[in-house]
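For reference, the chains in residue letters:
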Amino acid sequence: MRWLLALLVVLSAASAVEAQSRRGALLEFRGWRGSQARAAALRGVRDRLDLVSTAEIRNTGADTSSAEGLASVAQQLAVTVFIRGDVQGRGARARTTVRVYDASGNEVAQRQGPAPLGGARVSAIARAASEALDQALVGIERREAEARERERQREMEELRRAQEARDTFDDEPPPSTEDDGVEDPHRLPLIVALVGLDGRTRRANIDLAAGGGREYQAGIFPSLTLALQLFPLRGMRGAARGLYAQVDFGYSLGLSSQELDAAGNPGPTLATTAMQFGAHVGYLYPLDEDVARIGAIVGYGLDNFSIESNGTMASSSYGYLRIGAVADVKLYERLLRARLDVGYRITLGTGELSPTFGEDVGVGGFDIGVALQGRLDFGLTYGARLGFTRYGLTFEGPASGHPAAAQATEMVDKALNFGLQLGFAY
């Protein structure tokens, strides 16, 4: 039996230490002989709680008559339980009610006692306060244990997810740019090479400072086109595979011009060539297994239109830096995609247009294009495209240096292209 008594002593001491570690607040007891009832309750709980003083509670500035006020005191003073009461009636028939509240201001326990009158009745109030505190602490400790268990479960779940993520990461092969030989219907093409034939037009209108203007107009002429599109990191996992580059080239075939005299009669044939070149790099982000791609590209380009010496129009050569946006969407599996390109051209030069039409020139340009493209399983690729380009120029200062020299104010230079392409994709 001695070992059982020792165990009970140890458990009692541990319980007392646990209870003493909790902070409590003894609030007012309202009604007849409320101060005596409060003193009786104090006897029942003072050895089990670390009680804060009335002055400490007052210094918090909180209204202890409301749940919000009790919660504020609990937060500021680390209080676990609040005890208050009231006495209903007067004399020997009065009844004392002891209430206990938790740190959120919720009532969690209640006990009834007799009137605060006489030694036996005061002791009964003390017992009622102690029993109410027991009930409250049992509920509070149960909720705390449940909260600790929920927190433990949450931590275990986080650890499990982290371990799964590590295992998944460890199972993945390292990123590689090498082709593994497995055909993936959603894989980006490493390279697309296309050759094609465009129909192209050009129309330039010049407003002269002296009044009137000049116009150069080429009908539809054929142009040989070449295009390369590359996704050099298409074998990488993740976003890196969207790195993109493209090269475009076009050269006119059989193009010539004729100058009209004052009566509108054509003169001798003038040798004429048109050439376009552009090289871009950028990023096209593949969305949802390559259902769509969206991104931006930047690059350098050259747009030349050379005409043999004449008295109407000078040759143009627009070198430019281009900033472009690209959107590409799958219409039907690999067999058909649609693409939109929009670009602003920061033009760096105009060729013979300056000083032919003015010593100083300001120029800007833009282009917009739409295309349809698809490929078959064995790599054959086909496409159709339509594009429009426009340059706007303003001139100032004297004109010189060309048989067509004339001081001008403005010029609009427009081109339209449309054509078909055929090639191979890998």
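Residues numbered from 1 in each chain as written. Predicted model: local features only at pLDDT ≥ 70, side-chain atom pairs only at ≥ 80, totals over all residues. Heavy atoms only, no water.

Chemist: Honestly, the side chain of histidine 402 in this entry has me stumped. Any pointers?
Modeler: With respect to the secondary-structure elements, histidine 402 resides in the loop between strand S15 (380–396) and strand S16 (408–425). Exposure remark for histidine 402: the relative accessible area of 14% places this residue in the buried category. A polar side-chain atom of histidine 402 sits 3.5 Å from a polar atom in the side chain of glutamate 352. Engagement of the side chain of histidine 402 in a polar contact is seen with the backbone nitrogen of alanine 404, the distance being 2.9 Å. If sequence neighbours within four positions are ignored, histidine 402 has contacts with Asn310, Met313, Ala314, Glu352 and Thr356. (Helix = DSSP H or I, 4+ residues; strand = E, 2+ residues; numbered from the N terminus. Buried < 20%, exposed > 50% of the residue type's maximum accessible area, 1.4 Å probe, protein only. Polar contact = N/O pair within 3.5 Å; in protein donor to acceptor, adjacent residues only side chain to side chain. Contact = heavy atoms within 4.5 Å.)

Chemist: What's the story with helix H2 (residues 34–45) in this structure? I'm lost.
Modeler: Each full turn of the α-helix corresponds to 3.6 residues, which orients residues three or four apart in the same direction. Counted at 1.5 Å a residue, the expected span for H2 with its 12 residues is 16 Å, and the 17 Å between its end C-alpha atoms agrees. Buried within H2 are the following residues: Gly34, Ala37, Ala40, Ala41, Gly44 and Val45. Taken end-on, H2 shows its buried residues confined to a sector of 130°, consistent with a single buried face. (Expected span 1.5 Å × (residues − 1). Arc of directions from axis to C-beta.)

Chemist: How should unusual backbone geometry be read in this particular structure?
Modeler: The phi torsion of most residues other than glycine is negative, and most of the peptide bonds are trans. Residue serine 354 is joined to proline 355 through a cis peptide bond whose omega torsion reads 20°. Of note, proline 355 is situated in helix H6 (residues 353–356). The residue aspartate 290 is not glycine, and still its phi comes out positive at about 65°. One can find aspartate 290 in the loop between strand S10 (266–287) and strand S11 (292–307). For aspartate 290, a relative accessible area of 4% translates into the label buried.

Chemist: Got a minute to help me understand the environment of valine 363 in this structure?
Modeler: Locating valine 363 in the fold gives a position in strand S14 (residues 360–375). Judged by relative accessible area, valine 363 falls into the partly exposed class, the value being 24%. Placed 14 residues apart in sequence, valine 363 and glycine 349 show a C-alpha to C-alpha distance of 8.3 Å. Apart from residues lying up to four places away in sequence, valine 363 is in contact with Tyr318, Thr347, Thr350, Tyr391, Gly392 and Leu393.

Chemist: Can you walk me through the nonpolar core in this structure?
Modeler: A general trend in soluble globular proteins is that nonpolar side chains are found buried together. By size, the foremost hydrophobic cluster in this structure holds 23 residues, and its most contacted members are Met313, Leu353, Phe357 and Met411. Mapped by element, the contributors of at least two residues to this core are strand S6 (191–208), strand S7 (213–230), S10, S11, strand S12 (316–332), S15 and S16. Those residues in contact with methionine 411, other than ones at most four positions away along the chain, are Arg202, Ala204, Asn205, Ile206, Met313, Tyr318, Leu353, Tyr391, Gly392, Leu393 and Phe395. Ranked by size, the runner-up nonpolar core spans 21 residues in total, among them Phe29, Val81, Leu133 and Ala136. (Core = buried A, V, L, I, M, F, W, Y, C linked by side-chain atoms within 4.5 Å.)

Chemist: What is the right way to look at the sheet that holds strand S3 (residues 81–88) in this model?
Modeler: Pairing between the strands of a sheet is mediated by backbone hydrogen bonds and can be parallel or antiparallel. A sheet is described by the order of its strands in space; here 5 strands give the open sequence S2-S1-S3-S4-S5, paired in mixed fashion. Both outer strands of the open sheet, strand S2 (50–51) and strand S5 (107–113), are each paired with one neighbouring strand and no more. As judged from the 6 bridges shared by strand S4 (residues 95–101) and S5, these two strands associate in the antiparallel manner. Residue threonine 96 lies in a different strand from S5, and its bridge partner there is glycine 113. Those strands touched by H2 are strand S1 (23–31), S2, S3 and S4, and its axis lies near 155° from that of S1. (Pairing = 2+ DSSP bridges. Axes fitted to C-alpha atoms, helices over the stretch in contact; angles between N-to-C directions.)

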